[in-house]
Amino acid sequence: MLKEFRTFIMRGNVIDLAVAVILGAAFGAIVNSLVTDIITPVILKPALKTAGVDRIELWTPAGIALGKFIASVINFIVVAFCIFLMVKGMNKAMSLRKKKEEEIPAAPAEPSNEEKLLMEIRDLLKDK
């Protein structure tokens, strides 16, 4: 069962799906930060000014939080790089495993009936 699980995990489709899910979640955090920390404050700032709020600081909910957005972009880059290293290592391990399997010589095939008869004839001719 463990061997079957290992073969299932090492299939390319499973690895591709896992990478897509992880990177999709990290990219979703970038989009969420863009909307929450950049776009929404730009839209709310004029709305709050027209409502009579004169002074809007950067640390208030209506301020643009560029640092949070940059942090989420850096987080995505770090996650993507770690996934890249993991996939690269798995590919290397798979290629070494395939190479090792190729090095093991296959057992010689059993001679066919014709070959057996020819070998008997050869042996009989040698004995005479």
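Everything below is about the structure printed above this text.
Remember, predicted model here, so these are calculated numbers, not experimental data.

Enquirer: Just to check I follow, could you spell out the overall build of the chain for this structure?
Expert: A count of helical and extended segments in the chain gives four helices and zero strands. Secondary structure elements in the chain, listed N-terminal to C-terminal, are α-α-α-α. Buried positions account for 13% of the 128 residues belonging to the chain. In the chain, of all internal contacts separated by at least 6 residues, the share reaching a separation of at least 24 is 65%. In the form shown here, the chain has an accessible surface area of approximately 10,700 Å², with 69% of it arising from carbon and sulfur atoms.

Enquirer: Can you help me understand the pattern of salt bridges in this one?
Expert: As a working rule, side chains carrying opposite charge can pair if their charged atoms are close by. Summed over the entire model, instances satisfying the criterion amount to two salt bridges. Lys116 is the salt-bridge partner of Glu110, the closest N and O atoms lying 3.2 Å from each other. Residue classification places Glu110 among the exposed positions, given a relative accessible area of 63%. Taking the relative accessible area as the measure of exposure, Lys116 reaches 31% and is therefore partly exposed. The closest approach of N and O atoms between Arg122 and Asp123, which form a salt bridge, is 3.4 Å.

Enquirer: Whenever I open this one, the environment of Phe27 confuses me. Can you help?
Expert: By secondary structure assignment, the location of Phe27 is in helix α2 (residues 12-50). Taking the relative accessible area as the measure of exposure, Phe27 reaches 45% and is therefore partly exposed. Here the alpha-carbon distance between Phe27 and Val79, two residues 52 residues apart in the chain, equals 9.9 Å.

Enquirer: Would you mind going over a nonpolar patch on the surface with me for this structure?
Expert: Side chains of Phe27, Val31, Leu34, Val35, Ile39 and Ile43 sit close together on the surface and give an oily, nonpolar patch of about 500 Å² of accessible area. Within the fold, Val35 resides in helix α2.

Enquirer: Before we go on, may I ask you to explain the side chain of Ser33 in this structure?
Expert: Along the chain, Ser33 turns up in helix α2. Overall, Ser33 belongs to the buried group, its relative accessible area being 8%. Discounting chain neighbours no more than four positions away, the residues touching Ser33 are Ile38, Lys68, Phe69 and Ser72.

About the criteria used
For every chain, the first residue of its written sequence is number 1, and the numbers climb from 1 along that sequence. Only residues with pLDDT of 70 or above have their local features reported here, since the model is predicted, and side-chain atom pairs are shown and tallied only from 80 upward, although totals for entire chains, interfaces and linings are computed over all residues. Note: side-chain values were computed over all heavy atoms of the structure, leaving out hydrogens and water. Helix numbering and strand numbering both begin at the N terminus, where a helix is a DSSP run of H or I of at least 4 residues and a strand a DSSP run of E of at least 2. Relative accessible area decides the class of each residue, using a 1.4 Å probe on protein chains only: under 20% of the type maximum gives buried, over 50% gives exposed, and in between gives partly exposed. Between two residues, a contact is recorded if the distance between any of their heavy atoms is within 4.5 Å. Here the open area of atoms and residues is found with the Shrake-Rupley method and a 1.4 Å probe, where only the protein chains shown may cover a residue. When a carboxyl oxygen of Asp or Glu lies within 4 Å of a side-chain nitrogen of Lys or Arg, that pair is called a salt bridge. Patches in this entry comprise residues that are over 30% relatively accessible and not in a salt bridge; like charges within 9 Å are linked, as are nonpolar side chains (Val, Leu, Ile, Met, Phe, Trp, Tyr) within 5 Å.

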